[in-house]
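Each chain, written out:
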Amino acid sequence: MGRAAAGQQSAAMQSAVLVALPQDGGRMERGGRRRAELEEADKGRMMKRTIIKDWKKKLSYFLQNSSRSSKMKSMKAGKHHTYFRPSPEEARLWSEAFDELLANKYGVAAFRAFLKSEFCEENIEFWLACEDFKKTKSPQKLTLKAKKIYNDFIEKEAPKEINIDFQTKNMIAQSLQEATHTCFSAAQKRVYSLMENNSYPRFLESEFYQELCKKPPITRAAQGT
């Protein structure tokens, strides 16, 4: 083989190698991206399972804690009624309207646990604080509670700051000197709307709510009775 031919063959081989390298590199890059996507998806699934598991624990705690409180009150009143969780029929009523959920203490406990799993429990806590505030009769207590609610939920960088506009915050701040039962009405309506339109539909679709709506399986002991 002549030098010219050998030189042409060598150049052709080098060109082939140069062409092949980007292709191999592209495959490696795509493979790396795919592995990263799979790892990210696995992390997402693990995080979701952890949140659901944690949420179930919190919900179980809230339901049992609420039932213990009810049990103690019943015992003080001379009644012997215990109730550890809502019946499926009772739980299904919560889907008829947001007010049905809020009117039920077990529903509030379940919804509160759900909001904790979404890191926005300040909304239901603010709403409950407002409900308690509106029932306060003593003017002195009313002023003290108003200031506490403002410090906890309204002021800038409050520990449980809720998402309301500046104008509403300013109106609340001005009303604290002579607190009335309507101090937080606008803010409470805003938070109610946020929960009803955003968190409430997701709660109804959640795994644990669906479980609450299911009838428990009939055991052999129950079948034998």
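Look up a bit, the structure's there.
In what follows, the accompanying structure is described.

Calculation notes
- Residues numbered from 1 in each chain as written.
- Predicted model: local features only at pLDDT ≥ 70, side-chain atom pairs only at ≥ 80, totals over all residues.
- Heavy atoms only, no water.
- Salt bridge = Lys/Arg side-chain N within 4 Å of Asp/Glu carboxyl O.
- Buried < 20%, exposed > 50% of the residue type's maximum accessible area, 1.4 Å probe, protein only.
- Axes fitted to C-alpha atoms, helices over the stretch in contact; angles between N-to-C directions.
- Helix = DSSP H or I, 4+ residues; strand = E, 2+ residues; numbered from the N terminus.
- Parallel < 35°, antiparallel > 145°, perpendicular 65-115°, else oblique.
- Contact = heavy atoms within 4.5 Å.
- Nonpolar A, V, L, I, M, F, W, Y, C, P; charged D, E, K, R; others polar.

Moving on, we get to the pattern of salt bridges. In total, this model carries nine salt bridges according to the counting rule given. The salt bridge partner of Lys169 is Glu161, with a shortest N-O separation of 2.5 Å. For Lys169, a relative accessible area of 16% puts it in the buried group. Look at Glu161 and you get partly exposed, because its relative accessible area is 30%. Here the salt bridges do not stand alone but share partners, grouping Arg112, Glu125 and Lys160 into one network.

This paragraph deals with the packing of helix 5 (residues 122–134) against helix 6 (residues 139–154). Direction vectors running N to C along helix 5 and helix 6 enclose 170°, while the axes themselves pass 11 Å from each other. As judged from the angle between their axes, helix 5 and helix 6 are roughly antiparallel. For the pair helix 5 and helix 6, the contacting residues are Glu122, Glu125, Phe126, Ala129, Cys130, Asp132 and Phe133 in the first and Leu142, Lys145, Ala146, Ile149, Phe153 and Ile154 in the second. In the contact of helix 5 with helix 6, the residues fall into nine nonpolar, no polar and four charged.

Read these as spatial facts, not as claims about activity.
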